[in-house]
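# Observations on the three-dimensional arrangement
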Amino acid sequence: MGSKTTFISGWLLIFITSALAIRDFEPVAPSSRSEDHIHIDEGWLRVRLNHFDASNTETFPMRYLFNGRFARLYDADILIFVGGEWAISDGWLRTGLAFELARDIEAGLFYTEHRYYGETWPTANTASSELRYLTVDQALGDLAQFIQYVKSDDFERGRYKNGKVGLVGCSYAGSMATWMKLAYPHLVDAVFSDSGPLHAQEDFPEYLEVITEALRSQGGEECVASIAEAVERMTAMLEQPAGATTISNLFNTCTQIQASVPLDVATFFWYGITETFAYLVQYATPGDIPDACRVITDTSVPDAVQRLANWITSHPWPQPCIETRYTEVVAAHTNTSFRAPDVTMRLWTYQTCVEYGWYQTTSSDRHPFLNAVPLEYFHQMCKDFFGVNFNEELLRSGIARTNHFFAGLTFLPDNVVSVAGGLDPWSPMGPNVTHATPLAPVYVVPNVSHCRAIRPTGENETLELEAAKQSVITHMRAFLGRPIPPPAAEAPALVPAFTLIILAGLLTLGRA
Ligand SMILES: *[C@@H]1O[C@H](CO)[C@@H](O)[C@H](O)[C@H]1NC(C)=O
């Protein structure tokens, strides 16, 4: 193999390992050629480093993008597409449900970047001691300061001073949007949260259960059975050196799997297998899951392990090789430069270690992955990435604190509309119809995955999704004080009008 090839695969590996962290990239906005010409502004606002210590006056520049094209000249409303654990970019200011709503109500459309992610760097690096300001409370404080700024005379001469404020977010940014309404009700009038988990939980085996349900319902029982057979065979094979070599070759691991090192085996199953399925299901569009299952159950290949390997190595995510060395994973995630390729995954992992857990383990038995990825794997990761005091005790007290502060699923604030995807593996941590209230409706949309409802109307992915998007727009308009006038042709609207006319006529008659 020439040095050029080595160089290219090395580069690909860097690109892919950072992207493999499936929770950490911006939801991909559909391309919208018709709106390409819209000018998007970039701005920076100095916000407090620590919103909860009045004696600390340090600040840092927070990045935001905005599309002011639809905003009324004065008293314009403010719609914020909330940034989560990713770098923000223009796409969602040119298309999507928030974009359509902004156009409809003549609001300014903003996109805020979460502290520490993208180019919003509050500290010099990401050493553990520097990450103490990476909490959702601080990130909500940034949003509060941002809203106050946009509503002040300092921003476009008070153009948004008397506007109402709506937030739109998906995934963790959806959780943030809901929590903003809880923490700063005086600053937020309306919230749309798509796929936002609200209940923090250390062990999250439900994630792989939903993945399995999705594979079963869209790919058939034989798809799940084939995966189970493969994983069982692989577990047995890994007990023999020859078997480990075979698996390493079949799955194209970067180096031979060290089957005697449990952390390496867990790394193989997590990075190589469960994350690949997670990526498939979490971002599935119609047809993706059946396509995958066709390869996994292709009877022209008799060996279940071979079939699984065929799919994993051909997955649209072109992995040059699967990393199985835990020490390499640790090395990549302990680089404390903001420019390190895996910085996003490092930052999100930190948030899970101190606030959420949400570890997608195999600890239940309602999935085909045996116990390939145990909870201890993630406990070890917290300690190895951030230091020995990031232990289970700290994790558990952090999770309890998150649920104490934000109420988990026991309270939904008013004027929040939520959407959950029936195939979204995050949905067990988010609200469903049993949590809904008259002022906090929840739409559970069957057969759709993560973050599909923030997309533009008219995509017609499913009829139910399209209907949910319309309901979201109706609720958001109402929460923002813009109820949709009933269409003129509708009889119920005419009856009161008629009655009034007749009454007015009678009164006039009476007076005469
Ligand atoms: C950390 O990442 C930066 C940016 O990619 C790189 O320049 C640096 O060499 C890395 N440091 C280590 C110790 O690998």
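All of the points below concern the structure found in this document.

For the rest of this paragraph, the subject is the overall build of the protein. If you tally the helices and strands in the protein, you get 16 helices and ten strands. Put simply, 75% of the contacts in the protein that link residues at least 6 apart link residues at least 24 apart.

On inspection of all chains with the given rule, the structure shows 21 salt bridges. Glu113 is the salt-bridge partner of Arg63, the closest N and O atoms lying 2.7 Å from each other. In this pair, Arg63 is assigned in strand 2 (residues 59-67) and Glu113 in the loop between strand 4 (107-112) and helix 3 (136-150), connecting sequence segments 50 residues apart. Grouping residues by exposure puts Arg63 and Glu113 together as buried. Among the salt bridges present, the one from Glu202 reaches Arg396, with a minimum N-O distance of 2.9 Å. Of the two residues, Glu202 is situated in strand 7 (residues 201-203) and Arg396 in helix 14 (residues 392-406); the sequence distance between them amounts to 194 residues. Note on Arg396: relative accessible area 44%, which makes it partly exposed. A cluster of three or more residues bridged by salt bridges with shared partners is formed by Glu42, Arg63, Glu113 and Glu119.

The next point concerns the site of the ligand. Taken together, Asn335, Arg339, Ala340 and Pro341 make up the full set of residues adjacent to the ligand. One of the side-chain N or O atoms of Asn335 is found 2.3 Å from an oxygen atom in the ligand. Within the complex, 32% of the 360 Å² of free accessible area of the ligand lies under protein. Classifying every residue of the shell around the ligand by side-chain character gives two nonpolar, one polar and one charged.

Okay, the packing of aromatic side chains next. Inspection of the entire model under this criterion finds 40 aromatic pairs. Look at Phe204 and Trp426: their rings are 5.4 Å apart centre to centre, the planes differ by 50 degrees, and that puts the pair in the tilted class. Within this pair, whereas Phe204 is found in the loop between strand 7 and helix 5 (206-219), its partner Trp426 is found in the loop between strand 9 (416-421) and strand 10 (442-445), the two being separated by 222 residues in sequence. In this structure, Phe204 and Trp426 share a single accessibility class: buried. Aromatic side chains Tyr359 and Phe378 sit 4.9 Å apart centroid to centroid with 10 degrees between the ring planes, which places their arrangement in the stacked category. Within this pair, whereas Tyr359 is found in strand 8 (residues 357-359), its partner Phe378 is found in helix 13 (residues 375-386), the two being separated by 19 residues in sequence. Accessibility expressed as a relative area gives 5% for Tyr359, which makes it buried. Sitting over the face of the ring of Phe405, Arg401 holds its NZ or CZ atom 4.6 Å from the ring centroid.

What follows deals with the sheet that holds strand 3 (residues 77-82). Ordered by their spatial adjacency, eight strands build an open sheet running 1-2-4-3-5-6-9-10, and the pairing between neighbours is mixed. The open sheet is flanked by strand 1 (41-48) and strand 10, the only strands paired with a single partner. Ignoring which end each strand starts from, the neighbouring axes of this sheet average 20 degrees apart. Here four bridges tie strand 6 (residues 190-194) to strand 9, and the two strands are oriented parallel to one another. When the bridges of strand 9 are listed, Val191 appears paired with Val416. Lying on the sheet, helix 4 (residues 172-183) is in contact with strand 3, strand 5 (165-170), strand 6 and strand 9; it crosses strand 5 at an angle near 150 degrees.

The subject of this paragraph is helix 6 (residues 221-237). Taking 1.5 Å per residue as the helical rise, helix 6 with its 17 residues ought to reach 24 Å, and the 24 Å between its terminal C-alpha atoms agrees with that figure. What helix 6 keeps buried is the set Cys223, Val224, Ser226, Ile227, Ala230, Val231, Met234 and Met237. Buried residues along helix 6 cover an arc of 160 degrees about the axis, so they all sit on one side. Structurally, helix 6 contributes buried residues whose contacts are with helix 5, helix 7 (241-250), helix 8 (262-282), helix 9 (288-296) and helix 10 (304-314).

Calculation criteria
Sequence order as written defines residue numbering, which begins from 1 separately in each chain. In keeping with the model being predicted, local features are shown solely for residues with a pLDDT of at least 70 and side-chain atom pairs are shown and tallied solely at 80 or more, while totals for entire chains, interfaces and linings include all residues. Note: side-chain values were computed over all heavy atoms of the structure, leaving out hydrogens and water. Each helix corresponds to a stretch of at least 4 residues labelled H or I by DSSP, and each strand to a stretch of at least 2 residues labelled E; elements are numbered beginning at the N terminus. Any two residues whose heavy atoms approach within 4.5 Å at even a single point are treated as in contact. Take a side-chain nitrogen of Lys or Arg and a carboxyl oxygen of Asp or Glu: if they are within 4 Å of each other, that pair is a salt bridge. Only protein chains enter the accessibility calculation, which uses a 1.4 Å probe; a residue whose area is less than 20% of its type maximum is buried, one above 50% is exposed, and one in between is partly exposed. Think of it this way: one heavy atom of a residue within 4 Å of a molecule or strand is enough to make that residue near it. Polar contacts, as used here, are pairs of N or O atoms within 3.5 Å; protein pairs need one atom able to donate a hydrogen and one able to accept it. Residues neighboring in sequence count only if both atoms are side-chain atoms. Accessible surface area values rest on a Shrake-Rupley calculation with a 1.4 Å probe, where residue burial reflects the displayed protein chains alone. Basically, the charged four are Asp, Glu, Lys and Arg, the nonpolar ten are Ala, Val, Leu, Ile, Met, Phe, Trp, Tyr, Cys and Pro, and anything else, Gly included, counts as polar. Pairing of aromatic side chains here covers Phe, Tyr and the six-membered ring of Trp, requires ring centres within 6.5 Å, and sorts the geometry by plane angle: under 30 degrees stacked, over 60 edge-to-face, intermediate tilted. Two conditions define a charge located above a ring, namely a distance within 6 Å from the ring centre to NZ of Lys or CZ of Arg, and an angle within 35 degrees of the ring normal. Strands were regarded as paired on the criterion that DSSP finds at least two bridges between them. Interaxial angles span 0 to 180 degrees and are taken between N-to-C directions of axes, which are lines fitted to C-alpha atoms, for helices over the stretch in contact. Helix span is expected to be 1.5 Å times the residue number reduced by one. Taking the helix axis as origin, the arc is that swept by the directions to the C-beta atoms.

Coordinates in, geometry out; function isn't part of it.
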